[in-house]
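Fold and geometry: a report
Listed here are the chains, written in short residue letters.
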There are 2 protein chains.
Amino acid sequence: MDNKLLKLRSILKNISVFESSVGLLYWDQATHMPSGAAKSRAEQLSLLENHIHSLFTCDEVGELLEGLKDYQKTLPEDSDDYCLLRNLGRLYKQKRAVPSDFVKKFSRHVSSSYNAWVKARKENDFSVMVPYLEQTLEYSREWSSFFDGYGHVIDPLIDVHDEGMTFESVSKLFSDLREKLLPLVHAVCEQPEIDNRCLYQYYPAKQQMEFSKHVVKRMGFDFKRGSLDISPHPFMANVACGDIRLTTRVEENRLDECLFSTIHEAGHGMYGQGINRKLVFTPLDKGVSSGVHESQSRLWENIVARSFDFWKYFYSQLKKTFSVQLADITLEDFHRSINKVYKSLIRTDADELTYNLHVIIRFDLEVDLLEGRLAVKDLADAWNARYESDLGVVPSNHSEGVLQDGHWYDWHIGGAFQGYAIGNIASAQIYRSALKANPDIPNQISQGNFKVLHSWLVDNVYSHGSKFSPDNLINRVTGRSLETADYINYLVEKYNVIYPELKWQI
Amino acid sequence: MDNKLLKLRSILKNISVFESSVGLLYWDQATHMPSGAAKSRAEQLSLLENHIHSLFTCDEVGELLEGLKDYQKTLPEDSDDYCLLRNLGRLYKQKRAVPSDFVKKFSRHVSSSYNAWVKARKENDFSVMVPYLEQTLEYSREWSSFFDGYGHVIDPLIDVHDEGMTFESVSKLFSDLREKLLPLVHAVCEQPEIDNRCLYQYYPAKQQMEFSKHVVKRMGFDFKRGSLDISPHPFMANVACGDIRLTTRVEENRLDECLFSTIHEAGHGMYGQGINRKLVFTPLDKGVSSGVHESQSRLWENIVARSFDFWKYFYSQLKKTFSVQLADITLEDFHRSINKVYKSLIRTDADELTYNLHVIIRFDLEVDLLEGRLAVKDLADAWNARYESDLGVVPSNHSEGVLQDGHWYDWHIGGAFQGYAIGNIASAQIYRSALKANPDIPNQISQGNFKVLHSWLVDNVYSHGSKFSPDNLINRVTGRSLETADYINYLVEKYNVIYPELKWQI
């Protein structure tokens, strides 16, 4: 038994090292790579990814997993070995299910679809994307068909990103959330508008970067085992155990972009840095799922870093850095400015409250497309209608409408969006457990002390990597499965303070 | 035959892509990697390098090479396929000759030797390195013994870096060179000392980097297919076809370090960028040998960028950038300052003229060690004696003596040094051919026009990658094998101008 496990671990180590290289190649591509290297980089990535795929899906891995089944049964369900074999069994099945011919065909398709989208978006022309999306939709259904016994065509597509979630469970969460959110959003938007012009002044890039770095360092991101660079789209790359690269974006005409993007990515990054080193060189050395990963970035970005307590500590420092720009702005003004709610068209620019509606719209449209109730050619109209009914705004062109996100154009239709809202919901439920265990956390935050919160997250979430399924993890951390109650309570409590006239009752 | 070649090329493409990843990992390690990632990076590198080694040395490659022998015979000797098969046959034989157990044992040894050296150098303590070096010497002889029919124990060690060169040919070049250099060095050092204090003032790092970048861009380094970063030791990493990363070092208390290091690395880099793209994804997509590679960096660094013509164009720009520091310094002063000759202890800081003596000392000591005529325990004394007799200076401690270079402590004894002087010799012989073909080059340089020189080098040297053996290439370019005459002529002519009283006759 020991030999089989050793053999399996040695294959996994190999895979993990190749994955690290891929991680570095992607990070480099977005940060330092000279533009002329794009073509050779694409070749490098595709060759390495094929190599990893073939290492992962080789018969030997299947035979070793099969041979270790009896051993697995003898193990406690929370032991590292049990969890490794469970997780690996799932990944192996998933990767073997899809024929490699299909993978190649699909990769070629999405690559040309993505290139067409870049152009179409620039030209506001949805019509050229219709045939691409129709093909993508067909492929997405076909991909789904490789998996047995699902309840809904979107289930296998969701499961890749958020294990265990289904059309049914996501729909239940989202309809709960939407029902509570829609009236709250409308009520908030009827309140006197917050003046947040202080955020939109000239803020030199260098000082923004330095301040953002200072903040996330204080929060607990370890720069001995990580770094921060600039890239067009902020992201976190887990290059290796002890090597987490963050990137952020700076705009010199606004203050919030760099700051909150950096904090968001640092939330992902601290998750990666907090994984128990025993799990290194295995597939457990990663965050659990899209939703759980997002819960950690949103917990830091929104619950912590948009709180009044947080700025009680940091605002005087921020004001020292930008003394001219913030001369007449009080702590209270600033706190309200970074929490302004407004109905908007672009998901990635949306405030904390309305953001979820953007996600739910996309999820509902995906379901309609996959079920065949909505034709691709009618998608843009359906998009605009939903934005009008839910958010009261209508895109004036497709670039700020159906063409704004890359997700449908560079991968499956279905699966990529739900994690963003699940993350918000989970962040509040997890944070509530942290407060229950350590009620003094907000007070500590107001003194710039993040150690107790950070350690609690390491112990309860980060250290486990992906040992447990998302639902199992959430249950271990919070004592129950995911539900929207804590998140709604958090939002209502927060916006009743930000908008004092609101006095919203749940 | 076609199938076999296709199969071979597909294996080579694979290897090449993995090598690219290794290139990026090394570059990243020296530039952007967080310090905490050192251990996992070492594991990544070792695993990838082992993987590449096993891809390269697998039986299949040998069988394909064997099966293609008849085909090779039908090809013109300058055709890409012929050269590929020739080069590959050589590499395959070289890599297969050394048993993998030996490679592992040796790697472990040099890794601990290197770590011990870092400490020993800091503490000026050569004695702790004696047992390490004795073991290294034994391993170096053993390594050599895996190769048949060599004339001298150092031959196989030289051949890895400088194909075709041997103890005999290197010794002949070096004794020629030393015989001519020693009296010249002494005569130059008796001339009135050049006042080069203008170079040692405060020069802000940012402006140094910008100016250096400007210079190498003008010379022909293509920043769309390359980049420039800072690292403790300047180097060039060939990450992929169309992706050449240079690094340099900046010291704010001197002007020449960043500038000439950047130009030196850009010389290596332009070589990489100039290789014909047809050779991509094969072992031919590299420079020929240590010596030939070095000839290209030294040609640009010394022959071009320390020439009066070069600064006729650039000096006014430099003076605009550093107007305070260079206020009273004329073009002539500056040109003399960057060409000052002085007897010194540290090879990497040495001027163009004495540099060769530093290399020859090391080569001679290597030979003595390998032949058993010098015991490791007496090496430091032998070192000091040679520095005294050749350069008239004695190290006051081992850190500026026998411990100054990493080369003997991190790899074989033998092979790593000779390329530095061969490069100098070759640079002059190659440049002379360029001038013969285009006598107007110096005049063009004085107008900031490097196109003709650059194109000539692309056509005659760069584009061939490592299609030809070094000797074959030098013959194709210059019409004869390597000899010291052109280099000596170049030096004498140059220093007769820099030191007007010298009036040296060959």
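To start, this report covers the structure provided alongside it. Bear in mind the structure is a predicted one, so any value in this text is a computation, not a measurement. (Residues numbered from 1 in each chain as written. Chains lettered and ligands numbered in written order. Predicted model: local features only at pLDDT ≥ 70, side-chain atom pairs only at ≥ 80, totals over all residues. Heavy atoms only, no water.)

**What about the relation of the copies chain B and chain A?**
Placing chain B over chain A gives an RMSD of 0.0 Å and needs a rotation angle of 180 degrees, together with 0.1 Å of translation along the axis. Each copy turns onto its partner about a two-fold axis. When C-alpha distances to the rotation axis are compared across chain B, the minimum falls at S21 of chain B, with a value of 3.2 Å. A share of 100% of interface residues in chain B that are also interface residues in chain A marks the association as one of identical surfaces. (Least-squares fit on C-alpha atoms with pLDDT ≥ 70 in both. Contact = heavy atoms within 4.5 Å.)

**Quick word on the pairing of strand 3 (residues 243-248) of chain B**
Residue and element names in this part refer to chain B. Extensive coverage of strand 3 is indicated by the burial of 6 of its 6 residues. Here strand 3 shows a buried face lined by D243, R245 and T247 and a second buried face lined by I244, L246 and T248. Pairing of strand 1 (residues 226-230) with strand 3, which is carried by 5 bridges, proceeds in the parallel orientation. Note on strand 3: the bridge partner recorded for L228 is L246. (Buried < 20%, exposed > 50% of the residue type's maximum accessible area, 1.4 Å probe, protein only. Helix = DSSP H or I, 4+ residues; strand = E, 2+ residues; numbered from the N terminus. Pairing = 2+ DSSP bridges.)

**Quick notes on the pairing of strand 3 (residues 243-248) of chain A**
All names here are of chain A. Note that strand 2 (residues 236-240) and strand 3 share 4 bridges and pair antiparallel. By the bridge assignment for strand 3, A240 is matched with D243. Counting the residues between successive antiparallel strands, the hairpin from strand 2 to strand 3 contains 2 residues, one of them, G242, with a positive phi of roughly 80 degrees.

**Topic: the interface of chain B and chain A**
Contact with chain B, which involves 34 residues of that partner, is made by 34 residues of chain A. In total, chain B and chain A occlude about 2,600 Å² of area from one another, counting both sides; carbon and sulfur atoms represent 63% of this. Interface area lost by chain B to chain A is led by P34, Q44 and L47 of chain B, which between them contribute 19%. Here chain B is connected to chain A by 6 salt bridges. Across the salt bridge formed by D243 of chain A and R41 of chain B, the nearest N and O atoms sit 3.5 Å from each other. Elements with a contribution of two residues or more to the side of chain B that touches chain A: helix 1 (2-31), helix 2 (38-56), strand 2 (236-240) and strand 3 of chain B. Considering every element that reaches the side of chain B that touches chain A, the biggest residue donor is helix 1 of chain B, with 10 residues. The residue inventory of the side of chain B that touches chain A, partitioned by class, reads 15 nonpolar, 11 polar and 8 charged. (Buried area = accessible area lost by both parts, 1.4 Å probe. Salt bridge = Lys/Arg side-chain N within 4 Å of Asp/Glu carboxyl O. Nonpolar A, V, L, I, M, F, W, Y, C, P; charged D, E, K, R; others polar.)

**Some remarks on the packing of helix 15 (residues 355-371) of chain B against helix 16 (residues 379-391) of chain B**
Residues and elements named next belong to chain B. Across the interface, helix 15 lies against helix 16 with an axial gap of 11 Å and an inter-helix angle of 145 degrees. The two elements helix 15 and helix 16 meet at a crossing, and its hand is right-handed. From helix 15, L357, H358, I360, I361, R362, D364, L365 and L369 reach across to helix 16, where they touch L379, A382, W383, R386, Y387, D390 and L391. Residue classes in the contact of helix 15 with helix 16 are distributed as 10 nonpolar, 1 polar and 4 charged. (Axes fitted to C-alpha atoms, helices over the stretch in contact; angles between N-to-C directions. Left-handed = near helix turned anticlockwise from the far one by under 90°.)

**Details of the packing of aromatic side chains**
Under the definition given, this model contains 57 aromatic pairs over all chains. Between F211 of chain A and F314 of chain A, the aromatic rings sit 6.4 Å apart at their centres with planes inclined by 75 degrees, giving edge-to-face as the arrangement. Taken together, the residues span a long stretch of sequence, with F211 of chain A in helix 10 (residues 205-219) and F314 of chain A in helix 13 (residues 308-321) at a distance of 103 residues. For F211 of chain A, a relative accessible area of 5% puts it in the buried group. With relative accessibility at 0%, the residue F314 of chain A sits in the buried group. The ring centre of F417 of chain B lies 5.5 Å from the NZ or CZ of R362 of chain B, which sits over that ring. (Phe/Tyr/Trp six-rings, centres within 6.5 Å; stacked < 30°, edge-to-face > 60°. Lys NZ or Arg CZ within 6 Å of the ring centre and 35° of its normal.)

**Regarding the sheet that holds strand 1 (residues 226-230) of chain A**
Residue and element names in this part refer to chain A. Spatially, 3 strands are ordered 1-3-2 in an open sheet, and the strand pairing comes out mixed. Bordering the open sheet on either side are strand 1 and strand 2, each of which pairs with just one other strand. Each neighbouring strand pair of the sheet contributes to a mean axis angle of 20 degrees, computed without reference to strand direction. Its contacts with the sheet put helix 1 (residues 2-31) on strand 1, strand 2 and strand 3, and the angle it makes with strand 2 is roughly 140 degrees.

**Looking at helix 6 (residues 100-122) of chain A**
All names here are of chain A. Between its first and last C-alpha, helix 6 extends 33 Å over 23 residues, near the 33 Å set by a 1.5 Å rise per residue. For helix 6, the complete set of buried residues consists of F102, F106, H109, V110, S113, A116, W117 and A120. Those residues of helix 6 that are buried are in contact with helix 7 (129-145) and helix 17 (407-410). (Expected span 1.5 Å × (residues − 1).)

**Looking at the sheet that holds strand 2 of chain B**
Judged by pairing direction, the sheet is mixed, and its 3 strands sit side by side in the order 1-3-2 (chain B) without closing on themselves. Two strands close off the open sheet at either side, each with one partner strand: strand 1 and strand 2 of chain B. Across the sheet, the mean angle separating the axes of adjacent strands is 20 degrees when strand polarity is ignored. Sitting on the sheet, helix 2 (residues 38-56) of chain A is in contact with strand 2 and strand 3 of chain B, with an inclination near 70 degrees to strand 2 of chain B.

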